[in-house]
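Residue-level structure breakdown
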Amino acid sequence: MEKKKLMANICTNEIVFNESAEIPIDIEFTLPDYLPDINRILKCKAVSRVSSKGLNGSQAFVDGAVTVTVIFTDESNKIFCYEYQYPFNKTFDIGADTENIIVKCNSKCEYINCRAVSGRKIDIHGATLVIMKVVKKKVSDILTDFDDCDIEINRISVPSTTPMEYSEKYLILEEEIEIGSGMPPICNLMRYDATAITKECKMLDKKMVIKGELCVSAFYTSNDSNFQKHKTSVPFSQILDMPNLNSECECDTSIEVAYLEIKPKASGSGEIKCLILNAKLLIRCEAHCNNDVEIAIDAFSKQHEAKISKNNIKINKLCKNIRENFTCKKNLEFTGNTFSVITDLWTDIQNVNYKFENENLCIFGIVTVGVLGCDENSIPIFSEKNIDFEYKYPFSESAIKDVYCEPNAEIVSCNYTLTGNSTIEVRIELAINTAVYCGINVTAITDIDIDTSAILSRDKFGALTVYFANSGESVWDIAMRYYASVNEIKQINNLTDDTLKSDKMLVIPVS
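Now for a look at the structure at hand. (Residues numbered from 1 in each chain as written. Predicted model: local features only at pLDDT ≥ 70, side-chain atom pairs only at ≥ 80, totals over all residues. Heavy atoms only, no water.)

It is worth spelling out the sheet that holds strand 8 (residues 188–203) at this point. Remark on secondary structure: sheet strands pair via backbone hydrogen bonds, oriented parallel or antiparallel. Reading across from one edge, 8-9-10 is the order of the three strands in this open sheet, with antiparallel pairing throughout. Every interior strand has two partners, whereas the edge strands, strand 8 and strand 10 (227–241), have only one. Shown here is a sheet whose adjacent strand axes are inclined to one another by a mean of 15°, direction ignored. Where strand 8 and strand 9 (residues 207–221) come together, 14 bridges link them in antiparallel fashion. Note that in strand 9 the partner of T198 across the bridge is G212. (Pairing = 2+ DSSP bridges. Helix = DSSP H or I, 4+ residues; strand = E, 2+ residues; numbered from the N terminus. Axes fitted to C-alpha atoms, helices over the stretch in contact; angles between N-to-C directions.)

Another point: a nonpolar patch on the surface. Together, V466, F468 and M505 line one region of the surface with nonpolar side chains, adding up to about 330 Å² of accessible area. Here M505 lies in strand 21 (residues 504–509). Note on M505: relative accessible area 47%, which makes it partly exposed. (Patch = residues over 30% accessible without salt bridge, like charges linked within 9 Å, V, L, I, M, F, W, Y side chains within 5 Å. Areas by Shrake-Rupley, 256 points an atom, 1.4 Å probe, with all protein chains shown as cover. Salt bridge = Lys/Arg side-chain N within 4 Å of Asp/Glu carboxyl O. Buried < 20%, exposed > 50% of the residue type's maximum accessible area, 1.4 Å probe, protein only.)

Evaluation of the coordinates by the stated rule reveals 14 aromatic pairs. Note on F29 and Y82: the rings are 5.4 Å apart at their centroids and 45° apart in plane angle, and the pair reads as tilted. Taken together, the residues span a long stretch of sequence, with F29 in strand 1 (residues 5–30) and Y82 in strand 4 (residues 79–93) at a distance of 53 residues. The class for F29 is buried, based on a relative accessible area of 7%. Seen in terms of ring centroids, Y467 and Y482 are 5.9 Å apart; in terms of plane orientation they differ by 70°. Their pairing is edge-to-face. (Phe/Tyr/Trp six-rings, centres within 6.5 Å; stacked < 30°, edge-to-face > 60°.)

With that settled, the discussion passes to the side chain of S160. Within the element layout of this structure, S160 appears in strand 7 (residues 151–178). We classify S160 as buried; its relative accessible area is 1%. When near neighbours in sequence (up to four residues on either side) are disregarded, S160 contacts C289, N290, N291, V293, I315, N316 and K317. (Contact = heavy atoms within 4.5 Å.)

The next thing to look at is the sheet that holds strand 5 (residues 101–116). The strand order across the open sheet formed by three strands is 1-6-5, and the pairing between neighbours is antiparallel. Every other strand in the sheet has two partners, leaving strand 1 and strand 5 as the edge strands with one partner each. Averaged over all pairs of adjacent strands, the angle between their axes in this sheet comes to 10°, without regard to strand direction. Direction of pairing for strand 1 relative to strand 6 (residues 121–146): antiparallel, over a ladder of 25 bridges. From the neighbouring strand, L6 faces strand 6, where its bridge partner is D145.

The subject of this paragraph is unusual backbone geometry. With phi around 65°, N77 is a residue other than glycine that occupies positive phi space. On the secondary structure map, N77 appears in the loop between strand 3 (59–73) and strand 4. Note on N77: relative accessible area 24%, which makes it partly exposed. Positive phi is not limited to glycine here, since K206 has a value of about 65°.

Here it is as structure tokens:
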């Protein structure tokens, strides 16, 4: 009669593709007629964003754009700005198996160089790095029980984080932003930026409702050449379909600005008191469930020869979900530049990584601080410095085996004080958002095959055997040596633990 095998599924996420590609940026363009000739370039800034991604057969494709912003002065030392969109695309051959996969992609500008070929023409060279990662849901079948009283099974309980659902959706935002009656009209839009913030996540009937706001800042010059900054927030909400979502799930949500463009809009009188916002947000939500999994790691038959099939399985466990803000404070010395006034200061974050050190998870990176201002002669000057930051989270060394994370840090705010002609105190608030996973490698039983025609020889064992066990020996190992029952050994010898704590004489009942 066929014995009944009880099987179970172990689901894990496995990275099956992880590659990057450098895309060159080669641009030459002429300034439009409404801008003056270039006298001096102060800064060339580039921001790379992925606007869409997807699958086409066995290939993953990505489309995006690098926004290049050139800040320059004319002969009268007035500051102007011009923005250029440089589109890019890339395909990756990820293999034929594209079932149950998640495609993740991001990009960052590696470097950018800019020079004025003439008063009207600009030549730009640089590179953007596109990083493509493909995650596949892997299902492993393992044996949990075997309907045969002669089979002894050794089980362990393993903490596990099971991926339940992943969903993402793009959201288009189109808004007309009034700059307010208390602010002067826009003459020249110098710089803009936006950060998406999650405000609320709510589960509702197999769906996830995500509410947030896009924090927008715009820096411009007015008609009297004074510098102005306008900040506002645009609320938004999005519903993601997640059919496998349940009340026991924990959800990680992230929002990424995939596209951003802000342009001034003139009224009927010609006065510019309005900005047109066009933004594309990628909203992602990943649901998982924390549970303990019973895994059979060893087995034997007390009567017959048995073939035990095993497989190594890596189980992921969510150890920590870190969502904290911290402040980085630095004094910056700009040698060779004397600022009498600062007109604008902005920050860019890059090279975020992690390490384990002195029982701490250390998330570190670099923030580039750009400062635009004027010297004592009212001549516009620009300078930038890199700031190293390090955030420490207590993490015991005993728990850092096979630990990994994908650290994310975003700049929440930046304040500064001009403490001297060439010294600036900068206070940067960063938001740390990362899930820390522990990988547990387990050798699990996948099948048991009993040969009923091959009966084990018991000639060398009596009905009861006396065994002198040493401290630290496993009851399971002793039972397997004598083809005996683990529970019977423990009952007869009044044992409560699976491992002997001292030397002991044991009576082994042999079936």
